[in-house]
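Spelled out, the chains give:
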Amino acid sequence: MDFSRLRNLISRYCTGEENWVDNRTVYLGQKEPPPGAEAYIPQRYPDNRIVSSKYTFWNFVPKNLFEQFRRIANFYFLIIFLVQLIIDTPTSPITSGLPLFFVITVTAIKQGYEDWLRHKADNSINQCPVHVIQHGNVVRKQSRNLRVGDLVRVKEDESFPCDLILMSTSRDDGTCFVTTASLDGESSHKTYYAVQDTKAFNTEEEIDSIHATIECEQPQPDLYKCGRINIYLDREEPIARPLGSENLLLRGATLKNTEYVYAVAIYTGMETKMALNYQSKTQKRSAVEKSMNSYLIVYLCILISKALINTVLKYAWQADPDRDEPWYNQKTETERQRHILIRAFTDFLAFMVLFNYIIPVSMYVTVEMQKFLGSYFITWDDDMFDEELGTGALVNTSDLNEELGQVEYVFTDKTGTLTENNMEFIECCVDGHVYVPHAICNGQIMTGATGMDMIDSSPDADVKEHEELFFRALCLCHTVQVKEEETVDGIKRGIHQGKATSFYISSSPDEVALVEGMKRLGFTYLRLKDNHMEILNREDEIERFELLEVLTFDSVRRRMSVIVRSSAGEYYLFCKGADSSIFPRVVSGKVEQVRARVEHNAVEGLRTLCVAYKKLNHIEYEETCHLLNSARLALQDRDKKLSEAYDTIERDFILLGATAVEDRLQDKAADTIESLHKAGMKVWVLTGDKMETAAATCYASKLFRRSTQILELTTKRTEEQSLHDVLHDLSREVLRHHGSMTRDTLSGLSNEFQDYGLIIDGATLSAVLKPDPEGNGGNYKELFLEISRNCSAVLCCRMAPLQKAQIVKLIKASKEHPITLAIGDGANDVSMILEAHVGIGVMGKEGRQAARNSDYAIPKFKHLKKMLLVHGHYYYIRIAELVQYFFYKNVCFIFPQFLYQFFCGFSQQPLYDTAYLTLYNISFTSLPILLYSLIEQHINMDILKKDPSLYRDIAKNSLLRWPIFIYWTCLGVFDAVVFFFGAYFLFDNTTFTSNGQLMTTNTQMMFGNWTFGTLIFSVLVFTVTLKLALDTHYWTWINHFVIWGSLLFYVIFSLLWGGIIWPFLNYQRMYYVFMQMLSSGPAWLSIIMLIMVSLLPDVVKKVLCRALWPTTTERIQNADKLYHGHLAEFTPMSSLHAPPRGQKRSDGQNPLPRRSDSPPPPKQKLLCTHWAGGGGGPNYCTFSSFLGLGGDNPRLSGATYAYSAPGPETSV
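Residues numbered from 1 in each chain as written. Predicted model: local features only at pLDDT ≥ 70, side-chain atom pairs only at ≥ 80, totals over all residues. Heavy atoms only, no water.

Draft legend 1. Examining the overall build of the protein chain more closely. A count of helical and extended segments in the protein chain gives 39 helices and 43 strands. By the burial criterion, 55% of the 1212 residues in the protein chain qualify as buried. Look at the contacts in the protein chain between residues 6 or more apart in sequence, and 73% of them connect residues 24 or more apart. Surface exposure of the protein chain reaches about 53,100 Å², of which carbon and sulfur atoms provide 56%. (Helix = DSSP H or I, 4+ residues; strand = E, 2+ residues; numbered from the N terminus. Buried < 20%, exposed > 50% of the residue type's maximum accessible area, 1.4 Å probe, protein only. Contact = heavy atoms within 4.5 Å. Areas by Shrake-Rupley, 256 points an atom, 1.4 Å probe, with all protein chains shown as cover.)

Spelled out as structure tokens, the structure:
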């Protein structure tokens, strides 16, 4: 049966759309059309409520319980608790039920609080006021009460409450300006157009009088598809007009530079296009939690094996009639007559309960507390506090703290995340002469900009004519709008010398920067008035040009043109665009000089444009107009015919020059990306911006280097040859040079391999991901993954929001299953943030949608460096130790109980007292490991920031791999054997006292099972606590207090528990046991010896490994101790790195040198260090005198990983 079809039918019925159709008809103002016009079919649509929360008041308890019991440990302890309730077991049900209840409650409170914050954020949006036109009047409503068909009035600087079709605006030409920063990441102004037949309706009464219907598709994620509008005038046949993306105002966009607009709602609530582009929320689980579940399954198998072995041996032992159940057990006849299988199964369950402490339920409590409390270290970090925003980092979910230390792929948005979206005009080149004005940035004149600096200017008449023509071209060839007001968004702009001046806005910030640059060079664009563009030239004369045609920019042509007529009647066609689209169309001009300058600026990471022109006579102009009008009026293949017309018109140019504009990166963005590369992470940029813009940013941010060979997988290339051929060509090219790459070379740090960068656009990505009818779709994905895997960086441009999530999902599902992180600042980034293993929102200028839906939020991109390299590193180290330690101490705890059954006739007799069983994990051993997991710093954080490559030491979940897990388990088994048999041999020789009690001959202790168990338990508590003390590197007074305090608490508790007759106990089997044990001197000596023997193997292993096979981390720890914690002030530390596995440095050089802007130092330099602190002059020292790093040591010779240190260097 097709369940998906049934599910769709049910969902459609539940949403009130019983008569489901592919299109929807929206009635303006929810008014019926004129009688007889068409059948009126009322439809019901959802309201405008936005929901980003996960739970509701009604489903929180069942849904949260379901998710929590999906954890193996929680489900296991639920079963154990039920077994203890049903059958007679050696221990009380409280021992399992109480910890389980505590875990479930703490987790539910934490997750409920986090979801309450999401509800709070949703309510702030859903209760925003909106203005709706009803019966010719403006009515104020809450946003959630908006309905499809409502006529809405939106004022300047307000956000659109839902998806709207623009009907009219306050501007006479029916246009409005919108910023879509929270949607596609671009904060520039875009122009939208009202429906041609309704743009004249400018009042509430007029707009309410319109009778029209809008036919559009049912909700879908595509941002650019729309429908048509049928307008009824004077009750005649309706006039049908097509609707395109230029008429569609998307939810979340903001109205700018327009007093008000009237629009009609077509998609509301969770059916808006941006909501459909959101991924649904899923429960994210870290790699550590998955490892914990795997280990839990192993220990569950061990537990079942133990119970099974004991059950079988019990019945084998009792097969002898002399060893059957003794009479004093007082079993009823009914119990004796039960079937042997039932009795065996009951005994099996009883053994399961007896040994169930090997499964550490308290570990989950401790992990939850560690994650929750540990997350505050991020929010308290002053280094991640931003003064401008007045806020620091936020933690929306603490379940993924350790995942920050395992990231392999970083997917980042560009605009607003990597860049400030703040363009700065740098220079222009006219016929080889370079002009450099002072810094201009979006209307704000930078400090010291009091004049202009012209370089290589020449008084030659021809040069001056071309120069002025170039400046006029840039003042005319654009779509810039002029705003006369002083402020926008509360920020003063265009203020110079205390006077308010106009400033520019445009859909492209590049155009604003160019026009402002021309203003500094003497040509000021004033306004567009009555279709005439006005320019103020250097002589303060106003020049007027009639704007005749605009050939708009598109990503295929990569250029735009205007046709203007001067006051003298001359026709000019000015064109600007990418160098690759201008140079082939140029017939004259100083091409080589301009090309050289363009290439120079491109290498510097600047955004370059070329400018050209040609004169037209009247006949040529008429032919051009005819060609354009014919293409624009075409009903079929209109885009194709327009493209052909543009291609015919834009030819035979005379080259004027080129410009260079810089998109300013965020502070330390390039340094952050370089650090991520050095840490072994691959960085992908996913942006909705055009390719040229994004590529320039990638160069500026050091994602692409100068030596990077760019591979294009774009629409332009796939038009020239098939996608299949392009993918195979690229695959052959990268594999020819790379072959199989290691993690080092994947991160772009190798200089011995050709460095590749891949650029792919959204249309090509759709083709790659789309299943092929011939079954090649899977191959395309594999080829794409193979190509991208061998590239040091990947740029994905023209991405729809859902495509960003698809890219992340594709990488997640690849055969390596890498850990992914997505970071962005706009609503268009929410999908990939939710899809990635870790989602980080940047609290920037583009709203807080990304920050609200993310796992973590940071003020600036630069804070990602510390969050991953320091906090992520610490979180992973701490929780890895916590997990392994918990399994270790529980093996130590319960394995003696297993051995004890061989000496008590498999009678299920507990070795330890009930109080010890209950408090071992709750009180005696829990606080030291919890504190360790909160404050341990195995390496100073300054060293972690200076040396990002240390992040690789913990990559791929390296501290929770099976060999390490097996080592910890074997260590626990060894310690347990030492505890049990060491104590057993102490009781080996026993004699009867005068009162009939057994006493050991060698220790003079009273012999009994509780004395025996107490001795083992005492050695156990001290051993596991001291084991943690040996693993601690960062000692504070808190560590000393908790570790020694826990041991003292155990002793005091045991003295009180056995030294006082407690009235609330029916029997007191531990009375005087502990004190009598401590009264024996040999017992003290035995306890100390057993502790030393238990810890000896681990100590020996650590000493030998540190001396013979030290890791990079251990080398740095040793060096940091020698320098008393000041190692971070020395740079570089690269000679302390252990060599990569499987590689020998016979020549003293690492065969895989790391990426660095500076060349590697000569071979004879062992290590160069620079003391950063101190006064006077710089002091130099070396590690070799302390560490014995002689030049003959093949492991450490050569500083090929060296950073470029400030100040002079000294050879050692």
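Resuming the write-up.
Draft legend 2. How the structure looks around the pairing of strand β39 (residues 820-824). Extensive coverage of β39 is indicated by the burial of five of its five residues. By the alternation rule, side chains of β39 split into Thr820, Ala822 and Gly824 and Leu821 and Ile823, which are all buried. When strand β15 (residues 409-412) meets β39, the two strands line up parallel, connected through four bridges. From the neighbouring strand, Tyr409 faces β39, where its bridge partner is Thr820. Looking at chain direction, β39 and strand β40 (residues 838-842) are connected through four bridges and run parallel. Its bridge partner lying in β40, Gly824 is registered against Gly841. Crossover handedness for the path β39 to helix α27 (residues 830-835) to β40: right-handed. (Pairing = 2+ DSSP bridges. Right-handed = clockwise from strand over helix to strand, strands pointing away.)

Draft legend 3. Highlighting the nonpolar core. Grouped together as the largest cluster of nonpolar side chains are 91 residues, with contacts concentrated most on Met363, Val883, Tyr912, Phe1017 and Leu1020. The element best represented in this core is helix α29 (residues 863-900), accounting for 18 residues. The residues contacting Val883, other than those within four sequence positions of it, are Val288, Met292, Tyr295, Met363 and Leu960. Val410, Leu821, Ile840 and Val842 belong to the second-largest nonpolar core, a separate cluster that totals 41 residues. (Core = buried A, V, L, I, M, F, W, Y, C linked by side-chain atoms within 4.5 Å.)

Draft legend 4. Representation of helix α35 (residues 1037-1059) in the model. The terminal C-alpha atoms of α35 lie 31 Å apart, and with 23 residues this matches the ideal 33 Å at 1.5 Å per residue to within 8%. In the structure, α35 departs most strongly from a straight axis at Gly1045, where the bend amounts to approximately 25 degrees. Turning to α35, its buried residues are Asn1039, Val1042, Ile1043, Ser1046, Leu1047, Tyr1050, Phe1053, Ser1054, Trp1057 and Gly1058. (Expected span 1.5 Å × (residues − 1). Bend = angle between axes of the 7 residues up to and from the residue.)

Draft legend 5. Fine view of the pairing of strand β13 (residues 260-267). The buried fraction of β13 is high, at eight of eight residues. Pairing of strand β4 (residues 151-155) with β13 involves five bridges; the strand directions are antiparallel. The residue bridging Val154 from the neighbouring strand is Val261, located in β13. In the sheet, strand β5 (residues 163-169) pairs with β13 via six bridges, with the strands oriented antiparallel. Bridge pairing in β13 links Leu164 to Ala265.

Draft legend 6. Structural detail: the pattern of salt bridges. Summed over the entire model, instances satisfying the criterion amount to 37 salt bridges. Notably, a salt bridge pairs Arg472 with Glu468, separated by 3.7 Å at the nearest N-O pair. Here Glu468 and Arg472 lie together in helix α13 (residues 461-476), a separation of four residues that amounts to about one turn. The two residues Arg472 and Glu468 agree in class, both being buried. Among the salt bridges present, the one from Arg789 reaches Glu786, with a minimum N-O distance of 2.9 Å. Taken as a pair, Arg789 and Glu786 lie in helix α25 (residues 777-789) at a separation of three residues, close to a single helical turn. Residue class for Arg789 comes out buried when judged on its relative accessible area of 12%. A relative accessible area of 25% means that Glu786 is categorised as partly exposed. The network of salt bridges with shared partners includes Asp381, Asp383, Lys866 and Lys945. (Salt bridge = Lys/Arg side-chain N within 4 Å of Asp/Glu carboxyl O.)

Draft legend 7. Representation of the confidence of the model for the protein chain in the model. A residue-level look at the protein chain finds 76% of positions with pLDDT of 70 or above and a mean pLDDT of 76. The model gives residues 486-500 a pLDDT under 50, and that stretch makes 22 contacts with residues more than four places away or in other chains. (pLDDT = per-residue confidence, 0-100.)

Draft legend 8. Up close: the environment of Ser291. For Ser291, the position within the fold is in helix α8 (residues 287-317). Taking the relative accessible area as the measure of exposure, Ser291 reaches 10% and is therefore buried. Considering only alpha carbons, one finds Ser291 and Arg961, 670 residues apart in sequence, at a separation of 8.2 Å. Apart from residues no more than four positions distant in its own chain, Ser291 is found in contact with Asn957 and Leu960.

Draft legend 9. A look at the sheet that holds β40. Taking strand neighbours across the sheet as the criterion, the nine strands line up as β14-β41-β40-β39-β15-β35-β38-β37-β36 in an open arrangement whose pairing is mixed. Of all the strands in the sheet, the pair left with one neighbour each is β14 (394-395) and β36 (709-713). Note: β40 against strand β41 (residues 856-858), three bridges, orientation parallel. Considered in β41, the bridge of Ile840 is made with Tyr856. Sheet strands in contact with α29 are β15, β39, β40 and β41, and its direction is about 135 degrees off that of β41. (Axes fitted to C-alpha atoms, helices over the stretch in contact; angles between N-to-C directions.)

Draft legend 10. A look at the packing of helix α19 (residues 669-678) against α29. Across the interface, α19 lies against α29 with an axial gap of 8 Å and an inter-helix angle of 25 degrees. In terms of axis orientation, α19 runs roughly parallel to α29. Crossing of α19 over α29 shows left-handed handedness. Every residue of α29 that contacts α19 at Asp671, Thr672, Ser675 and Leu676 is listed here: Leu864, Lys865, Leu868 and Leu869. (Parallel < 35°, antiparallel > 145°, perpendicular 65-115°, else oblique. Left-handed = near helix turned anticlockwise from the far one by under 90°.)

Draft legend 11. Representation of the packing of aromatic side chains. Taken as a whole, this structure holds 56 aromatic pairs when the rule is applied. An angle of 85 degrees between the planes, with centres 5.1 Å apart, marks the rings of Phe57 and Trp58 as edge-to-face. Judged on exposure class, the residue Phe57 and its partner Trp58 are both exposed. Here Phe893 and Tyr920 contribute two aromatic rings whose centre-to-centre distance is 4.1 Å and whose plane-to-plane angle is 15 degrees, an arrangement assigned as stacked. In this pair, Phe893 sits in helix α29 while Tyr920 sits in helix α30 (residues 914-924), placing the two residues 27 residues apart along the sequence. (Phe/Tyr/Trp six-rings, centres within 6.5 Å; stacked < 30°, edge-to-face > 60°.)

Draft legend 12. Examining the sheet that holds strand β3 (residues 137-142) more closely. Reading across from one edge, β3-β2-β4-β13-β5-β11 is the order of the six strands in this open sheet, with antiparallel pairing throughout. The sheet is open, and its two borders are formed by β3 and β11 (248-249), each paired with just one other strand.

Draft legend 13. Summary view of the side chain of Ser398. When you line up the elements, Ser398 lands in the loop between β14 and β15. Every residue in contact with Ser398, bar those within four places of it in the chain, is listed here: Lys110, Glu114, Lys371, Phe372 and Ser375.

Draft legend 14. Structural detail: unusual backbone geometry. Its identity as a non-glycine residue notwithstanding, Asp157 has a phi of 70 degrees, on the positive side. Mapped onto the fold, Asp157 is located in the loop between β4 and β5. Within the chain, Asp652 stands out as a residue other than glycine whose phi angle is a positive 55 degrees. Tracing the sequence through the fold places Asp652 in the loop between α18 (638-649) and β34 (653-665).

Draft legend 15. Region of interest: the packing of helix α11 (residues 361-374) against helix α31 (residues 926-935). Where α11 meets α31, the closest approach of the two axes is 10 Å, and the angle between their N-to-C directions is 35 degrees. Here the hand of the crossing between α11 and α31 comes out right-handed. Contacts between α11 and α31 pair Thr366, Met369, Gln370, Leu373 and Gly374 from the former with Leu930, Ser933 and Leu934 from the latter. When its residues are assigned to classes, the contact of α11 with α31 shows four nonpolar, four polar and no charged. (Nonpolar A, V, L, I, M, F, W, Y, C, P; charged D, E, K, R; others polar.)

Draft legend 16. Structural context of helix α26 (residues 801-812). When the terminal C-alpha atoms of α26 are compared, their 17 Å separation across 12 residues agrees well with the 16 Å that a helix rising 1.5 Å per residue should span. Along α26, the residues classified as buried are Pro801, Gln803, Lys804, Ala805, Ile807, Val808, Leu810 and Ile811.

Draft legend 17. Structural view of a nonpolar patch on the surface. The grouping of Phe75, Ile79, Leu82, Leu85 and Ile86 at the surface amounts to a nonpolar patch, some 490 Å² of accessible area in total. With respect to the helices and strands, Leu85 occurs in helix α3 (residues 72-86). (Patch = residues over 30% accessible without salt bridge, like charges linked within 9 Å, V, L, I, M, F, W, Y side chains within 5 Å.)

Draft legend 18. Spotlight on the side chain of Lys866. By the element assignment, Lys866 lies in helix α29. In contact with Lys866, not counting residues within four places along its chain, are Asp381, Asp383, His871, Met941 and Lys945.

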